[in-house]
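Chains, contacts and geometry: an overview
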Amino acid sequence: MIQGTLDRGQGRADLSVPAGCPLCAGALDLRVTPTSAFSYCGHCHWISRSVVSVGPNSLEVAHPPGGMA
Ligand SMILES: [Zn+2]
């Protein structure tokens, strides 16, 4: 289950995805803004620029190769 907050005024969302880290399967924190998305794993400290697609009932997070910021 994904938990998070959405600031519609600023178009920004902070999300936490359990087991979302592709490296260690730790909880992944996501910050999504209108222009970018970043993910951070507090367990292994992996940071990535991410591509987030939000659907009516779904959230997809992709980590493109070479996307390190
Ligand atoms: Zn991790």
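Right above here is the structure, for reference.
Moving on, we get to the overall build of the protein chain. Within the protein chain, the regular secondary structure consists of zero helices and seven strands. Going from N to C terminus, the protein chain has its helices and strands arranged as β-β-β-β-β-β-β. Its C-alpha atoms give the protein chain a radius of gyration of 11 Å, near enough to 11 Å, the size a compact globule of 69 residues would have. Each of the three principal axes of the protein chain carries a C-alpha extent, and together these read 30 × 25 × 20 Å. The buried share of the protein chain, taken over its 69 residues, is 16%.

A few words now on the nonpolar core. In terms of nonpolar packing, the biggest core is built from eight residues, these being Leu15, Cys21, Leu28, Leu30, Val32, Ala37, Cys41 and Val61. Going through the elements one at a time, strand 3 (28-32) and strand 4 (37-41) are the ones with two or more residues in this core. Take this core: its biggest share by element is three residues, from strand 3.

Cut-offs and rules
- Residues numbered from 1 in each chain as written.
- Predicted model: local features only at pLDDT ≥ 70, side-chain atom pairs only at ≥ 80, totals over all residues.
- Helix = DSSP H or I, 4+ residues; strand = E, 2+ residues; numbered from the N terminus.
- Rg over C-alpha atoms; globule rule 2.2 N^0.38 Å.
- Buried ≥ 20, exposed ≤ 12 C-beta atoms within 10 Å, placed from the backbone.
- Core = buried A, V, L, I, M, F, W, Y, C linked by C-beta atoms within 7 Å.

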